[in-house]
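Remarks on the overall topology
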Amino acid sequence: MLYIANEQRYDDMSYARSGRSGIQLPQIALGLWQNFGGNRTFDVQEDMILRAFDLGINHFDLANNYGPPPGSAEENFGMIYHKHLRPYRDELLISSKAGYHMWSGPYGEWGSRKNLIASLDQSLRRMGLDYVDIFYHHRPDPNTPLEETMTALDHIVRQGKALYVGLSNYNAEQTQEAVTILRRLGTPCLVHQPNYSMLNRWIEEGLQEVLDEQGVGSIAFCPLGRGQLTNKYVDKIKAERNHPTGTLKKESYTDERIARFEALQAVADRREQTISQLALNWVLRGNRVTSALIGASRVSQIEENVAALKAAELTAAELSEIETILDGIGNYPW
């Protein structure tokens, strides 16, 4: 069946400028880290990607090793793109990354020029694209000079294989140095992609200030705490408390922690939201984070998360209440 995109796809989605660049990102983007590999039903992946685009999500985020098996998410996305989305290429922001282990031998991971250029060439072949919009270095490399890694990113842009470059998982000091090198080379850093949520707030300890000062945007991955900030999580930890299976840490299902999640749920209930929607509003509060990168296993989750953008901004009183609830809550990913 011929896919024709929803004509109203941009009416309700909110977009925010990435730092001081000319690029606006949808405030909810779709990450293909999980549930888009060779171990998942292709039709469901197709439905999720097309529904996301119909809702105004025009940014799809991948990496060379997403799957499993590694590379399969890019392959599947490429098939969906060529089948349905090719006419809309100029509306799409497609990103990929390199840095984690991908192939055997000394050049299959980290941050060497050899790895980054070879990896992007492989990613482009898997997706059947001439270029990606954003190419990230996925993690800092302690054994490769940062100058080499950033020069490789600059070279990739000059080759026309990526329009913009980004960083992921770099701390404040590393980001400051990398952004300075990229600016000197003439290829400014567009965006940083950190792990950030109510339960993982490390970027508030310096990184956000660096990004603000340098005019770099940010896309928060795992904004729902890898499933902890969802409606089903409280039921999960209550069940574990009552009948321990050893699958969760004991610290994750204490009575006090359960009470804190129930208090968060009460805040969401007053706002007529799910806890996931509340968590997304919190991540995007104050416009310091450009976009929240969600994952999904079904279409309804995408619809629920996008609906968070329709909610009123969190009030000062609500933010204060949430801050009190979060104090000491702990982060215990499944």
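Below or above, wherever it landed, is the structure these notes cover. (Residues numbered from 1 in each chain as written. Predicted model: local features only at pLDDT ≥ 70, side-chain atom pairs only at ≥ 80, totals over all residues. Heavy atoms only, no water.)

Some thoughts on the sheet that holds strand 6 (residues 132-137)
- Around the barrel, eight strands lie side by side as 3-4-5-6-7-8-9-10; this closed barrel has parallel pairing. Each adjacent strand pair in this sheet contributes to an overall mean axis angle of 30°, direction not counted.
- Bridge count between strand 3 (residues 28-31) and strand 4 (residues 59-61): two bridges; the pairing is parallel. Across the sheet, glycine 31 pairs through a bridge with aspartate 61, a residue of strand 4.
- Helix 5 (residues 172-185) contacts strand 7 (162-168) and strand 8 (189-193) of the sheet and is inclined by roughly 160° relative to strand 7. (Pairing = 2+ DSSP bridges. Helix = DSSP H or I, 4+ residues; strand = E, 2+ residues; numbered from the N terminus. Axes fitted to C-alpha atoms, helices over the stretch in contact; angles between N-to-C directions. Contact = heavy atoms within 4.5 Å.)

A word on the state of the cysteines
- Taken as a whole, this structure holds zero disulfides when the rule is applied.
- Of all cysteine sulfurs, the one in cysteine 222 lies closest to cysteine 189, which takes part in no disulfide; the gap is 19 Å. (Disulfide = S-S within 2.5 Å.)

Remarks on the pairing of strand 3
- Burial along strand 3 is two-sided: the residues Ile28 and Leu30 and Ala29 and Gly31 are all buried.
- As judged from the three bridges shared by strand 3 and strand 10 (residues 291-294), these two strands associate in the parallel manner. Considered in strand 10, the bridge of leucine 30 is made with isoleucine 294.
- Note on the crossover from strand 3 through helix 1 (residues 42-54) to strand 4: the handedness is right-handed. (Buried < 20%, exposed > 50% of the residue type's maximum accessible area, 1.4 Å probe, protein only. Right-handed = clockwise from strand over helix to strand, strands pointing away.)

Considerations on the packing of aromatic side chains
- With the rule as written, the count across this model stands at six aromatic pairs.
- Every member of this aromatic cluster is reached through a ring pair, and the members are Tyr3, Phe53 and Tyr88.
- The positively charged end of arginine 89 is found above the aromatic ring belonging to tyrosine 131, 4.2 Å away from the centroid.
- Here the basic side chain of arginine 285 rests over the ring of tryptophan 282, its NZ or CZ set 3.7 Å away from the ring centre. (Phe/Tyr/Trp six-rings, centres within 6.5 Å; stacked < 30°, edge-to-face > 60°. Lys NZ or Arg CZ within 6 Å of the ring centre and 35° of its normal.)

What to know about unusual backbone geometry
- Here the residue pair glycine 67 and proline 68 is connected by a cis peptide bond, since its omega of 0° sits within 30 degrees of zero.
- The topology assignment puts proline 68 in the loop between strand 4 and helix 2 (72-85).
- Along the chain, proline 68 connects to proline 69 via a cis peptide bond; the corresponding omega equals -10°.
- On the secondary structure map, proline 69 appears in the loop between strand 4 and helix 2.
- Phi is positive for cysteine 222, which is not a glycine, with a value near 55°.
- For cysteine 222, the location among the structural elements is in the loop between strand 9 (217-221) and helix 7 (231-242).

Some words on the packing of helix 4 (residues 146-159) against helix 5
- In the contact formed by helix 4 and helix 5, the axes pass within 9 Å of each other and the chain directions differ by 45°. One way to sum up the angle between helix 4 and helix 5 is to call them oblique. Note that helix 4 runs across helix 5; the crossing there is right-handed. Contacts between helix 4 and helix 5 pair Leu146, Glu147, Met150, Thr151, Leu153, Asp154 and Arg158 from the former with Gln174, Glu177, Ala178, Ile181, Leu182, Arg184 and Leu185 from the latter. (Parallel < 35°, antiparallel > 145°, perpendicular 65-115°, else oblique. Left-handed = near helix turned anticlockwise from the far one by under 90°.)

Concerning helix 11 (residues 316-326)
- Among the residues of helix 11, those classed as buried are Glu318, Ile322, Ile325 and Leu326. Down the axis of helix 11, the buried side of the element spans an arc of 90°, and every buried residue falls inside it. For helix 11, the exposed residues set more than 90 degrees away from the buried face come down to Ala316, Ala317 and Thr324.
- Summarising the contacts, the buried residues of helix 11 are in contact with helix 8 (255-270) and helix 9 (275-283).
- Looking one or two places after helix 11, you find glycine 328, whose phi comes out positive at around 85°. (Arc of directions from axis to C-beta.)

Thoughts on the pattern of salt bridges
- Applying the stated rule across the entire model yields 20 salt bridges.
- Residue arginine 126 pairs with glutamate 74 through a salt bridge whose shortest N-O separation is 2.7 Å. With arginine 126 in helix 3 (residues 113-127) and glutamate 74 in helix 2, the pair connects residues that are 52 residues apart, well separated along the chain. In this pair, the class of arginine 126 matches that of glutamate 74, namely buried.
- The closest approach of N and O atoms between glutamate 147 and arginine 184, which form a salt bridge, is 2.8 Å. In this pair, glutamate 147 sits in helix 4 while arginine 184 sits in helix 5, placing the two residues 37 residues apart along the sequence.
- For glutamate 147, a relative accessible area of 36% corresponds to the partly exposed category. (Salt bridge = Lys/Arg side-chain N within 4 Å of Asp/Glu carboxyl O.)

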